Amino acid sequence: MRIKWGIGFYYQLSSLAYFNTVCTNFSFSAVFFGGNGLFDEPHSVVINGQVFASPTLFLQFLNNIQIGDGNSDVFNAIRFASKLRFRTAHSIIFLLFPCSDCDPSNMMLDYSVINHIITEKSIKLHVLMDKPFVLDKSRAGSSLFGVDAETAYTRNDFKALKGDVGLRKQVKLTKNMLGYCTPIVLESNGSLFTSRKMETDNLNLVKKFLQVFAKRIAKTAPAPKCQTCECNSDDNGISHMDCYPCSYPTAANIEYGFNDDFIPPNVLSYDSGNGFYYDDHNIN
């Protein structure tokens, strides 16, 4: 079911006129991990000698998913994907389809390292999780599709993406939903949507869900207006361009709704005078 809807989502996303008007000349790549044997570690799919492909060819990438019982190191997969050769001055958007929680015990890298990578490369991280949202009022969740740091999105955003700030305040992002992935998603100006809304025979509802998800991705898709680029080389001596934002934002003060026993992650912040430093913001 997860693969079926994954293919449907990517096809829908690539065909949306709205997404095309905001993000022109875009391409897709796929990184898989957690399979059996050789497919356990993060790896890219290469088709016709290319790591990135057009939306049409990208569907072939998804036919190569190897399902298994391998590792659950989401952070290492994000690190691997961040090292792909992206085009200069283009926006970088990650869509994560997790099959497990972001449990620190399963991670080779800690939160601060991944947060640094996400911030440095201006990556927007969006997650399609296989879990429902928890709300103060259960009736309010019947139309809830997803959330970001400030707003909740429902079927009412199908025609115009406006969001519901009041509903967002009712959403409880519990620790057992995505663990440390939740702060990374929200602080990267990304979003968190639930695939449970696609587990229905109501194709009209599925269409609305995909449309809202695609619009939310497109909302923060444009690349930073100011970037500094430099020429680097990899271990094989092949040159490439790396681009970074001219300024780094500090972490947002977001209410996650975690339990009291949740230990706040260390966050790398930046200012022009002191450079990078750890900002231990409280999550109550």
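Since this is a predicted model, take the numbers as computed values, not measurements.

What counts as what
- Residues numbered from 1 in each chain as written.
- Predicted model: local features only at pLDDT ≥ 70, side-chain atom pairs only at ≥ 80, totals over all residues.
- Heavy atoms only, no water.
- Helix = DSSP H or I, 4+ residues; strand = E, 2+ residues; numbered from the N terminus.
- Buried < 20%, exposed > 50% of the residue type's maximum accessible area, 1.4 Å probe, protein only.
- Areas by Shrake-Rupley, 256 points an atom, 1.4 Å probe, with all protein chains shown as cover.
- Phe/Tyr/Trp six-rings, centres within 6.5 Å; stacked < 30°, edge-to-face > 60°.
- Lys NZ or Arg CZ within 6 Å of the ring centre and 35° of its normal.
- Pairing = 2+ DSSP bridges.
- Contact = heavy atoms within 4.5 Å.
- Polar contact = N/O pair within 3.5 Å; in protein donor to acceptor, adjacent residues only side chain to side chain.
- Axes fitted to C-alpha atoms, helices over the stretch in contact; angles between N-to-C directions.
- Disulfide = S-S within 2.5 Å.

1. Examining the overall build of the chain
So, step 1. A count of helical and extended segments in the chain gives nine helices and 13 strands.
So, step 2. Scored against the burial criterion, the 284 residues of the chain give a buried share of 45%.
So, step 3. When the accessible surface of the chain is totalled, it reaches about 14700 Å², and 49% of it is carbon and sulfur.

2. Focus: the packing of aromatic side chains
Two descriptors summarise a pair of aromatic rings, namely the distance from one centre to the other and the angle between the planes of the rings.
So, step 1. In this structure the tally under the stated criterion is eight aromatic pairs.
So, step 2. Taking the centre distance of 6.2 Å and the plane angle of 50° together, the rings of Phe209 and Phe213 count as tilted. In this pair, Phe209 and Phe213 both sit in helix α9 (residues 203-219), four residues apart, roughly one turn of the helix.
So, step 3. Take Phe209: its relative accessible area is 0%, and that puts it in the buried class.
So, step 4. Taking relative accessible area as the criterion, Phe213 reaches 1% and is therefore assigned buried.
So, step 5. Pairwise contacts between aromatic rings join Phe145, Tyr153, Phe193, Phe209 and Phe213 into one cluster.
So, step 6. Across from the ring centre of Phe158, 5.8 Å away, lies the NZ or CZ of Lys208, which sits over that ring.

3. Comments concerning the pairing of strand β9 (residues 191-194)
So, step 1. Side chains Ser191 and Phe193 of β9 all project onto a buried face; the interleaved residues Leu192 and Thr194 project onto the opposite face, where all are buried too.
So, step 2. Looking at chain direction, strand β4 (residues 123-129) and β9 are connected through four bridges and run parallel. Across the sheet, Val127 pairs through a bridge with Leu192, a residue of β9.
So, step 3. In terms of strand pairing, strand β6 (residues 144-147) meets β9 through two bridges, oriented antiparallel. Note that in β9 the partner of Gly146 across the bridge is Phe193.

4. Section: helix α4 (residues 74-82)
So, step 1. When you tally the buried positions in α4, you get seven out of nine residues, the bulk of the element.
So, step 2. Taken together, the buried positions of α4 are occupied by Val74, Phe75, Asn76, Ala77, Ile78, Ala81 and Ser82.
So, step 3. Buried positions along α4 lie against β1 (31-32), β3 (92-96), α5 (111-120), β4 and α8 (181-187).
So, step 4. The N-capping residue of α4, defined by a side-chain oxygen 3.4 Å from the backbone nitrogen of Phe75, is Asp73.

5. Brief notes about the pairing of strand β10 (residues 227-233)
So, step 1. In this sheet, strand β11 (residues 239-245) lies alongside β10 in antiparallel orientation, the contact comprising seven bridges. Its bridge partner being in β11, Ser233 is matched across the sheet by Ser239.
So, step 2. Two successive antiparallel strands, β10 and β11, enclose a turn made up of five residues, where Gly237 displays a positive phi of approximately 80°.

6. A closer look at the sheet that holds β6
So, step 1. Spatially, β3-β4-β9-β6-β7 is the arrangement adopted by the five strands of the open sheet, whose pairing is mixed. The sheet terminates laterally at β3 and β7 (152-154), the two strands that pair on one side only. Ignoring strand direction, the axes of neighbouring strands in this sheet form an average angle of 20°.
So, step 2. Sheet topology note: the β3/β4 ladder contains five bridges and is parallel. Residue Leu96 lies in a different strand from β4, and its bridge partner there is Val127.

7. As for the state of the cysteines
So, step 1. For the structure on display, the rule yields three disulfides.
So, step 2. Each sulfur of the disulfide joining Cys102 and Cys181 lies 1.6 Å from the other. The sign of the -55° torsion about the S-S bond sets the Cys102-Cys181 disulfide as left-handed. Here Cys102, found in the loop between β3 and α5, pairs with Cys181, found in helix α8; they are 79 residues apart in sequence, far enough to count as distant. Cys181 shares its class with Cys102; the two are buried.
So, step 3. Linked covalently through their sulfurs, Cys229 and Cys243 form a disulfide whose S-S length is 2.0 Å. A torsion of 105° about the S-S bond marks the disulfide between Cys229 and Cys243 as right-handed. Placement of Cys229 in strand β10 and of Cys243 in strand β11 is noted, with a sequence separation of 14 residues between them.
So, step 4. Note on Cys229: relative accessible area 33%, which makes it partly exposed.
So, step 5. Taken N- to C-terminal, the disulfide-bonded cysteines of the chain are connected 1-2, 3-6, 4-5.

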